[in-house]
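Inside the fold
For reference, the chains in residue letters:
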Amino acid sequence: TLLASGGSAERATSLRERLLASFCKELEVLMHMSNDAVIAEHGRHHLLEGRNVRVHHASRDEVDKRDYDAKVLGVNSDGQLRVRPLSNSTQVEMLLSGEEVSITAK
């Protein structure tokens, strides 16, 4: 058990608390920035840029004929995700909103 392992539960709690405190500190900085500055900061640290993702239209748990695989190109100035469908030979860029679709990394 966790308690029998010599305090690992306490270490895990301490780690979670430090992680949450660090996250809250960064979030507070972002809350005082303009929308343009937040989007620029997001673009500098975008974890999905260059990766392939699955774009889901209904939900991640439901198969929808509109779903497709895409390569993430970045984020535009409005905060929309820029992607290029992998099946698209014309290299057309599409813009996605988190309110309309969800994605999973492949």
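First, a word on scope: everything that follows refers to the structure included in this document.

So, how was this worked out
Each chain carries its own residue numbering, running from 1 in the written order of its sequence. With the structure being a predicted model, the display of local features is reserved for residues of pLDDT at least 70 and the display and counting of side-chain atom pairs for 80 or more, all residues being used for whole-chain, interface and lining totals. Hydrogens are left out, water is left out, and the side-chain values use all remaining heavy atoms of the structure. Secondary structure elements follow DSSP: runs of H or I of four or more residues count as helices, runs of E of two or more count as strands, with numbering from the N terminus. Values of the radius of gyration come from C-alpha atoms, whereas the globule rule sets the reference at 2.2 Å times the count of residues to the power 0.38. When checking whether two residues touch, look at their non-hydrogen atoms; a contact exists if any pair is within 4.5 Å. A carboxyl oxygen of Asp or Glu within 4 Å of a side-chain nitrogen of Lys or Arg is what we treat as a salt bridge. Each residue gets one of three labels from its accessible area relative to the maximum for its type: buried under 20%, exposed over 50%, partly exposed in between, using a 1.4 Å probe on protein chains only. Think of a nonpolar core as a cluster: buried Ala, Val, Leu, Ile, Met, Phe, Trp, Tyr and Cys residues, connected wherever their side-chain atoms sit within 4.5 Å. Criterion used throughout: strands pair if DSSP finds at least two bridges between them. Between N-to-C directions, angles span 0 to 180 degrees; the directions come from axes that are lines fitted to C-alpha atoms, helices contributing only their stretch in contact. In this analysis, a patch consists of residues with relative accessible area above 30% that form no salt bridge, clustered at 9 Å for like charges and at 5 Å for the nonpolar side chains Val, Leu, Ile, Met, Phe, Trp and Tyr. Only the protein chains shown count as cover for residues, and the accessible areas themselves come from Shrake-Rupley with a 1.4 Å probe. In the analysis that follows, any N or O atom pair within 3.5 Å is treated as a polar contact, provided that within protein one partner can donate a hydrogen and the other can accept it, and provided that, for residues neighboring in sequence, both atoms belong to side chains.

Some remarks on the overall build of the protein
Helix and strand counts for the protein stand at two helices and five strands. Secondary structure elements of the protein, listed N to C terminal, follow the sequence α-α-β-β-β-β-β. Relative to the 2.2 N^0.38 estimate, which gives 13 Å for 106 residues, the radius of gyration of the protein is 19 Å and therefore markedly larger than a compact globule would have. In terms of principal-axis extent, the alpha carbons of the protein reach across some 60 × 35 × 20 Å. Long-range pairs, those at least 24 residues apart, make up 36% of the contacts in the protein with a sequence separation of at least 6.

A word on the pattern of salt bridges
This model, assessed by the stated rule, comprises four salt bridges. In this structure, E41 engages R44 in a salt bridge whose closest nitrogen and oxygen atoms are separated by 2.5 Å. Remark: R44 and E41 occur in helix α2 (residues 35-44); sequence separation between them is three residues, near one turn of the helix. A relative accessible area of 25% means that E41 is categorised as partly exposed. Accessibility expressed as a relative area gives 57% for R44, which makes it exposed.

Describing the nonpolar core
The biggest cluster of nonpolar side chains holds 12 residues, and these are I39, V53, V55, Y68, A70, V72, V75, L81, V83, L96, V101 and I103. Secondary-structure elements contributing two or more residues to this core are β1 (52-56), β2 (68-75) and β3 (81-85). Dropping the residues within four chain positions of it, V101 is found in contact with V55, H56, H57 and L96.

Some details on the sheet that holds β2
Here we have five strands laid out as an open sheet, ordered β4-β3-β2-β1-β5, and antiparallel in their pairing. Taken across any chain shown, the strands that pair with only one partner, and hence form the sheet edges, are β4 (94-96) and β5 (102-105). Each adjacent strand pair in this sheet contributes to an overall mean axis angle of 45 degrees, direction not counted.

Considerations on a nonpolar patch on the surface
Residues L20, F23, L27, L30 and M31 make up a contiguous nonpolar surface patch of roughly 510 Å² in combined accessible area. Checked against the element boundaries, L27 lands in helix α1 (residues 8-31). Its relative accessible area of 36% is what places L27 among the partly exposed residues.

Describing the side chain of N76
With respect to the helices and strands, N76 occurs in the loop between β2 and β3. Among the polar contacts made by the side chain of N76, one reaches the main-chain amide nitrogen of D78 at a distance of 2.9 Å. Those residues in contact with N76 that sit more than four places away from it in its chain are I39, R82 and L95.

A word on the pairing of β1
Pairing analysis gives four bridges linking β1 to β2, with the strands arranged antiparallel. Residue N52 lies in a different strand from β2, and its bridge partner there is K71.

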